[in-house]
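# What the coordinates show
Here's the letter readout for the chains.
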Amino acid sequence: MIITLMVCGGRSYDDCPPDRKCIEKCQNVCKKLDVMVKPEQRIGEVYKRFSENGFLPAQPEDGQMSVYSLRRKEYLDETLTFWQDKIYAGDVLVFCRICPS
């Protein structure tokens, strides 16, 4: 299945707006990447592979990254597979620093 990954700031998480509306704001300064994934792959592992190969920025040093589904309008557990987290073809996932409470 093909999904779209959006990453705040495009090159670095430093550009990710540090407030509660980070998801809406980061869509204006994001890097978009359409990728083909298997439902049984883990969300975090897919991101890790793309960042290791230079397509996406490395995870923040503090490890505080969140994954947000635009269709479901909720944060996801990156340790689950796409199938377990009910991610389907055409979905858009936004990777961002965890927004402060």
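Our subject is the structure listed above.
A quick note: this is a predicted structure, and the numbers were derived from the prediction, not measured.

## Observations regarding the side chain of Ser-51
- Following the sequence through the fold, Ser-51 ends up in helix α2 (residues 43-52).
- Aside from chain neighbours lying at most four places away, what touches Ser-51 is Leu-56, Pro-57 and Ala-58.

## Brief notes about unusual backbone geometry
- Residues other than glycine seldom take positive phi values, yet Lys-73 does so here, at roughly 55°.
- A positive phi angle is found at Lys-86, which is not glycine, with a value near 55°.

## Brief notes about the environment of Lys-73
- Examined against the element boundaries, Lys-73 turns out to sit in the loop between β3 (65-69) and β4 (74-76).
- Within the local environment of Lys-73, its side chain forms a polar contact with the backbone oxygen of Leu-70, the two atoms lying 3.5 Å apart.

## Things to note about the pattern of salt bridges
- Inspection of every chain in the model, using the stated rule, returns five salt bridges.
- In this structure, Glu-74 engages Arg-72 in a salt bridge whose closest nitrogen and oxygen atoms are separated by 2.1 Å.
- Residue Arg-72 is classed as partly exposed on the basis of its relative accessible area of 25%.
- Residue Arg-72 pairs with Asp-85 through a salt bridge whose shortest N-O separation is 3.7 Å. One end of the pair, Arg-72, is in the loop between β3 and β4; the other, Asp-85, is in the loop between β4 and β5 (92-97), with 13 residues separating them in the sequence.
- Ionic contacts of the salt-bridge type, sharing partners, join the residues Glu-45, Arg-49 and Glu-52 into one network.

## Overview of the packing of aromatic side chains
- Under the counting rule described, the total for this entry stands at three aromatic pairs.
- Where Tyr-68 meets Tyr-75, the ring centres are 5.0 Å apart and the plane angle is 65°; that geometry is what we call edge-to-face.

## A few points about the nonpolar core
- Membership of the largest hydrophobic core comes to 17 residues, with the highest contact counts inside it found for Ile-3, Leu-5, Ile-43, Phe-82, Ile-87, Leu-93 and Phe-95.
- Elements supplying a minimum of two residues to this core: β1 (2-8), β2 (30-36), α2, β3 and β5.
- Once residues within four sequence positions are removed from consideration, Leu-5 is found in contact with Lys-31, Lys-32, Leu-33, Val-35, Leu-56, Leu-93 and Phe-95.

Rules used in this analysis
Residues numbered from 1 in each chain as written. Predicted model: local features only at pLDDT ≥ 70, side-chain atom pairs only at ≥ 80, totals over all residues. Heavy atoms only, no water. Helix = DSSP H or I, 4+ residues; strand = E, 2+ residues; numbered from the N terminus. Contact = heavy atoms within 4.5 Å. Polar contact = N/O pair within 3.5 Å; in protein donor to acceptor, adjacent residues only side chain to side chain. Salt bridge = Lys/Arg side-chain N within 4 Å of Asp/Glu carboxyl O. Buried < 20%, exposed > 50% of the residue type's maximum accessible area, 1.4 Å probe, protein only. Phe/Tyr/Trp six-rings, centres within 6.5 Å; stacked < 30°, edge-to-face > 60°. Core = buried A, V, L, I, M, F, W, Y, C linked by side-chain atoms within 4.5 Å.

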